[in-house]
Amino acid sequence: MCDEMAIRQLTTWVPSEERYVGYVDLGGELTTDTDKIAKNALVLMAVGLKKRWKAPISFHFTAGINAETLSVLLKQSINALHEIGIQTKCVVTDGLRTNIAALNNLGCNFENRKFFFTSESGKDIPCMMDQVHMMKVLRNLWGDIKIIKGPHGEAKWSHVEGLIKLQVGNVV
């Protein structure tokens, strides 16, 4: 799973390291623009399927990430997991354009319904969008644009507001 979230933009002096922190830092061998203050934290996380566990694989401080860099980070993480005996069964992201482009860089092709890529270890790894997150995105979009037009008519945000009023007025 990967997700990028907003953080407070702040630099802090760390005396023991004799340097400021809070700048863009992708870690490892990836080059970074150290003059930019980080505004996001990108977290790559492994989640157990048969047992209940979560473990962050890596985190990176960004000012926004591009698809090429994200695909490199995903590939590095999958390879690192493979090296310690953990199989990646699926890559899950939200539906941001950058995430879809990164998965396409790895070998997926969502437009042609190819929802997997082949890892360096030769295994096909499926990719999917986080459905709950996608529903929240749709809800927020619907609230902003007020009307979604479909092949069978319009879905209006005012219908949702009317349903809420009806439910509040008819306490069961």
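Residues numbered from 1 in each chain as written. Predicted model: local features only at pLDDT ≥ 70, side-chain atom pairs only at ≥ 80, totals over all residues. Heavy atoms only, no water.

1. Some points on the nonpolar core
Leu 74, Val 91, Leu 103, Phe 117 and Cys 127 are the most contacted members of the largest nonpolar core, which totals 20 residues. Of all the secondary structure elements, the ones that give two or more residues to this core are strand E4 (40-47), helix H1 (67-83), helix H2 (97-106) and strand E8 (124-129). It is H1 that provides the largest number of residues to this core, a total of five residues. Setting aside its immediate chain neighbours within four residues, Leu 103 contacts Leu 74, Val 91, Thr 93, Cys 108, Phe 110, Cys 127 and Met 129. (Core = buried A, V, L, I, M, F, W, Y, C linked by side-chain atoms within 4.5 Å. Buried < 20%, exposed > 50% of the residue type's maximum accessible area, 1.4 Å probe, protein only. Helix = DSSP H or I, 4+ residues; strand = E, 2+ residues; numbered from the N terminus. Contact = heavy atoms within 4.5 Å.)

2. Observations regarding the sheet that holds strand E1 (residues 2-6)
Overall, antiparallel pairing links the three strands, which are arranged E1-E4-E5 in an open sheet. Strand pairing shows two members of the sheet lacking a second neighbour, E1 and strand E5 (54-62), which therefore form its edges. Geometrically, the sheet is characterised by an average inter-axis angle of 25 degrees between neighbouring strands, direction not taken into account. Across five bridges, E1 lies against E4 in antiparallel orientation. Bridge pairing links Glu 4 to Leu 42 in E4. Those strands touched by H1 are E1, E4 and E5, and its axis lies near 30 degrees from that of E4. (Pairing = 2+ DSSP bridges. Axes fitted to C-alpha atoms, helices over the stretch in contact; angles between N-to-C directions.)

3. Side note on the sheet that holds strand E6 (residues 91-93)
A sheet is described by the order of its strands in space; here three strands give the open sequence E6-E8-E7, paired in mixed fashion. A single partner strand is all that each edge strand has here, and the edge strands are E6 and strand E7 (116-118). Pairwise comparison of adjacent strand axes, ignoring direction, gives a mean angle of 25 degrees for this sheet. Two strands pair when backbone bridges link them, and E6 and E8 are joined in this way by three bridges, in the parallel orientation. Note that in E8 the partner of Val 91 across the bridge is Cys 127.

4. Quick word on unusual backbone geometry
A positive phi angle is found at Arg 113, which is not glycine, with a value near 60 degrees. When its relative accessible area of 68% is taken as the criterion, Arg 113 is described as exposed.

5. Notes on the pattern of salt bridges
The tally for this structure, following the rule as stated, stands at two salt bridges. A salt bridge links Glu 17 to Arg 19; the nearest nitrogen and oxygen atoms lie 2.7 Å apart. Given the relative accessible area of 46%, Glu 17 is considered partly exposed. Under the relative-accessibility criterion, Arg 19 is labelled partly exposed at 40%. Here Lys 156 ties to Glu 154 by a salt bridge, and the two come within 3.9 Å at their closest N and O atoms. (Salt bridge = Lys/Arg side-chain N within 4 Å of Asp/Glu carboxyl O.)

6. Focus on the packing of aromatic side chains
Taken as a whole and assessed by the stated rule, the structure comprises four aromatic pairs. On the numbers, 5.5 Å between centres and 50 degrees between planes, the contact of Phe 110 with Phe 115 is tilted. Judged by centre distance (5.4 Å) and plane angle (80 degrees), the ring pair of Trp 142 and Trp 157 falls under edge-to-face. Remark: Trp 157 occurs in helix H4 (residues 157-169) and Trp 142 occurs in helix H3 (residues 131-145); sequence separation between them is 15 residues. There is no split in this pair, since Trp 142 and Trp 157 are both buried. When the ring centre of Phe 116 is taken as reference, the NZ or CZ atom of Lys 114 above it lies at 5.0 Å. (Phe/Tyr/Trp six-rings, centres within 6.5 Å; stacked < 30°, edge-to-face > 60°. Lys NZ or Arg CZ within 6 Å of the ring centre and 35° of its normal.)

7. Focus: the side chain of Ser 119
Examined against the element boundaries, Ser 119 turns out to sit in the loop between E7 and E8. Once residues lying within four places of it in the same chain are set aside, the contact partners of Ser 119 are Ile 78 and Ile 125.

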